[in-house]
Amino acid sequence: MGDDAMTTLALSGADNTGKTKQLGILTRRIGPAAASSGPLDAHDVRWEAIKKNDMSRWWFETGPMQEVAEVLAASYLQRSHHSGARTAWVRLMDRGMPMLEASVAATAAVRENLTPEQAADKARDLLEPYARDMKAAEARERGIVLLHHEDPAIGTARALSHETSTTPTYADYQRHFQVGAENTLPAHHRARPEDQIARQCVPRRGQPDDVAAAIAFLAAPSASFITGQSLHIDGGWLLH
């Protein structure tokens, strides 16, 4: 199935927020209609040599920032065109296109001791050659952002608590990455969870099955005559 006919659902966010688990739930619920876009390192041949020669050192020390940005951009963009099985109508993705800039910014911040604002500017400059393709790829995605906490310090602590061992460099990267992940959220989605629930018709948090059931229906042949509709699975949030 071509890219234009597929729906891409991207789960973004910092490390250890449960993206893999939620994607697994969606895959089981949707069934054969779902296809995984696969890991980033499956979409650029340069990753094989990078991993053989200490990927962490290349990422944070030896690899030129332009090269790091190029490899990441090529991987993200190539993955955005991965269709998977012919029977698939839904492409499930771990980290959507906005996380490309967040990753490059966090890397630049760690390597060059930049503020979040300076790092964001640096990332945009490095990714400028890919800006048009990135915008087109992001437009094809339906994104969900998972955060440990709206406070980057708390979010970083929770992300690192799942690791068996860490380095100061990795911890610093996670701190900046938390900021980048949160910045991908639209402003109206940055309210506290309890405040969001208070304005909904259904007074509870959304669950993966709430979204999976709708995706499974819309991706199936039985919904092939449905066009141009917006389905809001938000417990009535937009009504208020």
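Each chain has its residues counted from 1, following the order in which its sequence is written. In keeping with the model being predicted, local features are shown solely for residues with a pLDDT of at least 70 and side-chain atom pairs are shown and tallied solely at 80 or more, while totals for entire chains, interfaces and linings include all residues. As a rule here, side-chain values cover all heavy atoms of the structure and leave hydrogens and water aside.

**Points about the nonpolar core**
What makes a nonpolar core is a set of buried Ala, Val, Leu, Ile, Met, Phe, Trp, Tyr and Cys residues whose side-chain atoms join them at distances within 4.5 Å. The cut-offs for exposure are 20% and 50% of the maximum accessible area for each residue type, with area from a 1.4 Å probe on protein chains only; residues under the lower value are buried, those over the upper are exposed, and the others partly exposed. Formed by 36 residues in total, the largest nonpolar core has its most connected members in Trp59, Leu100, Val104 and Leu127. Put simply, the parts of the chain that give this core at least two residues each are α2 (46–52), α3 (55–62), α4 (65–79), α5 (98–112), α6 (116–127), α7 (131–139) and α9 (168–183). A run of H or I in DSSP becomes a helix once it reaches four residues, and a run of E becomes a strand once it reaches two; helices and strands are each numbered from the N terminus. If you tally residues by element for this core, the top one is α5, at nine residues. Contact definition: two residues touch when any of their heavy atoms are within 4.5 Å. In this structure, Trp59 is in contact with Trp47, Val68, Leu72, Thr107, Arg111 and Tyr173, ignoring residues within four places of it in sequence. One finds Ala33, Leu92, Ala212 and Ala219 within the second-largest nonpolar core, a separate group that totals 12 residues.

**Here's the deal with the side chain of Glu141**
Among the secondary structure elements, Glu141 is positioned in strand β4 (residues 141–146). Setting aside residues up to four positions removed in sequence, Glu141 forms contacts with Thr8, Ala10, Met93, Gly96, Met97 and Pro98.

**Concerning the packing of aromatic side chains**
What counts as a ring pair is set by centres within 6.5 Å for rings of Phe, Tyr and Trp (its six-membered ring), and what kind of pair is set by the plane angle: stacked under 30 degrees, edge-to-face over 60, tilted for all other angles. Going through the model one piece at a time under the given rule, you end up with seven aromatic pairs. An angle of 35 degrees between the planes, with centres 6.3 Å apart, marks the rings of Trp59 and Phe60 as tilted. For Phe60, a relative accessible area of 15% translates into the label buried. Judged by centre distance (6.4 Å) and plane angle (75 degrees), the ring pair of Trp59 and Tyr173 falls under edge-to-face. Residue Trp59 is located in helix α3, and its partner Tyr173 is located in helix α9; the two are separated by 114 residues in the primary sequence. An aromatic cluster of three or more residues is present, and its members are Trp47, Trp58, Trp59, Phe60, Tyr173 and Phe177.

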